[in-house]
Amino acid sequence: MKVVEPGQNRKIAALRFNFHVHFLFGGNMKKEYFDKVFQYAKKAESIGEVPIGAIIVKNDEIIGIGYNKKERKKSIVEHAELIAIKQAEKKIDNWRLNDCDIYVSLDPCPMCASAIKQARIKNVYSALNNSDPNNLNIITKIFEKDSTNPKVNFESNLSPEKAKEILSSFFEKQRNI
């Protein structure tokens, strides 16, 4: 398997390589968790929100769920990931979500990526990469190890067809309103 194609960005190549290694050698990501993420994304859609869902898992138990509520709550911080983090913190009575994984239907924004890192979440599994190429560069940098927090493992584009279907359907309906 070629790791870097001619003219290909090394960071993108590394993400693709990690994706292939993960599936060839059996990483910890569980496909059934994406089914739950998509259920919550559809719940967001049902209330008129951009359909983004997130769940946090620890020891094979879902301890936090979230879906977008920005419009409903009229608050910029009501992102699926942040809602799931708050719920998980409450469930385990600790803001440190060590050894937890978060599954999201779309790559996190920089605000959510920072919260994920601060919460000490170990792995981020995203169904679809964000269409903004700068987003990947920013969140990849955020997820790197720093002097305070460990590196966050990040895998993207793990279930793109379903995520694209949900998002495309939502935005098509919005254009027709």
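Let me sum up the structure you'll find in this document. (Residues numbered from 1 in each chain as written. Predicted model: local features only at pLDDT ≥ 70, side-chain atom pairs only at ≥ 80, totals over all residues. Heavy atoms only, no water.)

Another point: the packing of helix H4 (residues 80–92) against helix H5 (residues 110–118). Viewed as axis vectors pointing N to C, H4 and H5 meet at an angle of 20°, and their least axial separation amounts to 9 Å. Of the possible angle classes, the one that applies to H4 and H5 is roughly parallel. Viewed along their axes, H4 and H5 form a crossing whose handedness is left-handed. Across from Glu-81, Leu-82 and Ile-85 in H4, the residues of H5 making contact are Met-111, Cys-112, Ala-115 and Ile-116. When grouped by side-chain class, the residues that make up the contact of H4 with H5 number 6 nonpolar, no polar and 1 charged. (Axes fitted to C-alpha atoms, helices over the stretch in contact; angles between N-to-C directions. Helix = DSSP H or I, 4+ residues; strand = E, 2+ residues; numbered from the N terminus. Parallel < 35°, antiparallel > 145°, perpendicular 65-115°, else oblique. Left-handed = near helix turned anticlockwise from the far one by under 90°. Contact = heavy atoms within 4.5 Å. Nonpolar A, V, L, I, M, F, W, Y, C, P; charged D, E, K, R; others polar.)

Moving on, we get to the side chain of Ser-105. Mapped onto the elements of the fold, Ser-105 is located in the loop between strand S3 (100–104) and H5. Ser-105 sits in the buried class, given a relative accessible area of 3%. Once residues lying within four places of it in the same chain are set aside, the contact partners of Ser-105 are Val-37, Phe-38, Ala-41, Pro-51, Ile-52, Gly-53, Ala-127, Leu-128 and Ala-163. (Buried < 20%, exposed > 50% of the residue type's maximum accessible area, 1.4 Å probe, protein only.)

What follows covers the packing of H5 against helix H6 (residues 133–142). Packed helices, taken two at a time, are described by their axes: the angle between them and the distance between them. Remark: H5 packs on H6, axes separated minimally by 9 Å, with the N-to-C direction vectors making an angle of 15°. Taken together, the axes of H5 and H6 are roughly parallel relative to one another. Crossing hand, H5 versus H6: right-handed. Residues Pro-110, Ala-113, Ser-114 and Lys-117 of H5 form the contact with H6, whose own contacting residues are Asn-135, Ile-138, Ile-139 and Ile-142.

This brings us to unusual backbone geometry. Even without glycine at this site, Asp-93 takes up a positive phi of about 55°. Note on placement: Asp-93 falls in the loop between H4 and S3. A positive phi angle, close to 70°, is found at Arg-120, a residue other than glycine. Along the polypeptide, Arg-120 turns up in the loop between H5 and strand S4 (123–126).

The final tally for this structure, using the stated rule, is 7 aromatic pairs. For the ring pair Phe-34 and Phe-38, a centre distance of 6.2 Å and an interplane angle of 25° mean the geometry is stacked. Residue Phe-34 and its partner Phe-38 are both found in helix H2 (residues 31–46); the two are separated by 4 residues, about one turn of the helix. Residues Phe-34 and Phe-38 agree in their burial class; the two are buried. Summarising the aromatic geometry, the rings of Tyr-40 and Tyr-67 are spaced 6.4 Å apart at their centres and angled 5° between planes, so their arrangement reads as stacked. Here Tyr-67 lies in strand S2 (residues 61–67) and Tyr-40 lies in helix H2, a separation of 27 residues in the sequence. You'll find Tyr-40 and Tyr-67 in the same group, each marked buried. Each residue in the set Tyr-33, Phe-34, Phe-38, Tyr-103 and Tyr-125 is aromatic and connected to the rest through ring pairs, giving one cluster. The side chain of Lys-69 reaches across the aromatic face of Tyr-67, ending 4.9 Å from its centre. (Phe/Tyr/Trp six-rings, centres within 6.5 Å; stacked < 30°, edge-to-face > 60°. Lys NZ or Arg CZ within 6 Å of the ring centre and 35° of its normal.)

Purely geometric stuff here, so don't read any function into it on its own.
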